[in-house]
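Notes for the structure review
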Amino acid sequence: KSLSEKIEIDNYSKLISTDEYWDILPTVQYHMDEPLADPSAVALYFVSRTAAEHVKVSLSGEGADEFFGGYNIYREPFSLRPITRLPRPIRKFLGAAASAIPFKIKGKNYLIRGSKDVEERFIGNANMFSVAERNKILKKVSGKYTPQSITKPLYDKVKGKDDVTRMQYIDLN
C-alpha cells in the first residue's frame, strides 16, 4: 500500500474478518467444484471479487509453481538420485529393509521413497493419506481406486520424460 502511494498507482485491499472467512467457505467450495483443503482459495476468492469491482480481466499467477517448477518437492528426483540410479531390484530391497525397521532412524524415509518409482511415490500435492490409512479411517471405502490407478493414465501420457516434468504434469492435470 505504501509503495502504491509512493509511485501513485491505485491500490485496493481487503481485510478478511474471521466471520467472513468461515461464512464464505461453502461458496468457495461450490466454485472449486471439488473438495480442496487449501486455505489460500478463500483469499483468492476475495482478491478476485475485489478485482472484479475495478477491472474486467486479471491474471492471478495461479499455476505458476506447477508450470515453472517452484515447489520444493520438484527437487526430490535430484536428491533421490543416489538411490534411483541403483538397479530396481536393489532399490526395492533397500526400501523393504528400511520399511521393516520398527523404529525411526535417520535416512529410513529416504530409502523408502528412493526405492519407489516416481509413479508410486508422487500423486501430487494433495496426497495426505496412504491407502492403508484411508481404509483405516473411513467407515466405508467408496471405491477400490488407489491414487496410483487414478494418476496412471496421466503418467502414461508423459512416459519417457524426466521425473520433474512428469510430476509437474500430474500437478497441472
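As shown above, the structure is provided for reference.
Residues numbered from 1 in each chain as written. Predicted model: local features only at pLDDT ≥ 70, side-chain atom pairs only at ≥ 80, totals over all residues. Heavy atoms only, no water.

1. Considerations on the nonpolar core
The tendency in soluble globular proteins is for nonpolar side chains to be buried as a group. Y74, V118, F122, L154, Y155, V164, M167 and I170 form the largest nonpolar core, which has eight residues in total. Of all the secondary structure elements, the ones that give two or more residues to this core are α11 (147-157) and α12 (163-172). Sort the elements by how many residues they give to this core and α12 lands first, with three residues. For Y74, the contacting residues outside a window of four places in its chain are D65, E66, G69, F122, V164, M167, Q168 and D171. In this structure, V28, A41, V42 and F46 belong to the second largest nonpolar core, which totals five residues. (Core = buried A, V, L, I, M, F, W, Y, C linked by side-chain atoms within 4.5 Å. Buried < 20%, exposed > 50% of the residue type's maximum accessible area, 1.4 Å probe, protein only. Helix = DSSP H or I, 4+ residues; strand = E, 2+ residues; numbered from the N terminus. Contact = heavy atoms within 4.5 Å.)

2. Some details on the packing of α11 against α12
Between α11 and α12, the shortest axis-to-axis distance is 10 Å and the interhelical angle comes to 130 degrees. Regarding the angle of α11 to α12, the classification is oblique. As α11 packs across α12, the resulting crossing turns out to be right-handed. Residues T151, L154, Y155 and K157 of α11 form the contact with α12, whose participating residues are R166, Y169 and I170. Tallied by class, the residues present in the contact of α11 with α12 amount to four nonpolar, one polar and two charged. (Axes fitted to C-alpha atoms, helices over the stretch in contact; angles between N-to-C directions. Parallel < 35°, antiparallel > 145°, perpendicular 65-115°, else oblique. Left-handed = near helix turned anticlockwise from the far one by under 90°. Nonpolar A, V, L, I, M, F, W, Y, C, P; charged D, E, K, R; others polar.)

3. Topic: the layout of surface pockets
Its volume calculated, the second largest pocket comes out at about 350 Å³. Contributing elements (two or more residues each) for the lining of the second largest pocket: α9 (118-121), α10 (131-137) and α11. Along the lines of polarity and charge, the residues of the lining of the second largest pocket split into six nonpolar, three polar and five charged. (1 Å grid on protein atoms, 1.4 Å probe; cavity = no way out; pocket = protein on both sides within 12 Å on 5 of 7 lines; lining within 4 Å. Points joined across faces, edges and corners; volume = space filled by probe spheres on them.)

4. Examining unusual backbone geometry
Unusually for a residue other than glycine, E8 sits at a positive phi of about 55 degrees. The residue E8 is located in the loop between α1 (2-6) and α2 (18-32) in this model. For E8, a relative accessible area of 72% translates into the label exposed.

5. Examining the pattern of salt bridges
Pairing of side chains with opposite charge becomes possible as their charged atoms draw close. Going through the model one piece at a time under the given rule, you end up with 11 salt bridges. Look at the salt bridges and you will find they share partners, linking R88, R91, K92, D117 and E120 into a network. (Salt bridge = Lys/Arg side-chain N within 4 Å of Asp/Glu carboxyl O.)

6. Structural notes on the environment of D65
Structurally, D65 can be placed in helix α4 (residues 64-68). The exposure class assigned to D65 is partly exposed, which follows from its relative accessible area of 37%. With 23 residues separating them in the primary sequence, D65 and R88 have C-alpha atoms 30 Å apart. In this structure, D65 is in contact with G70, Y71 and Y74, ignoring residues within four places of it in sequence.

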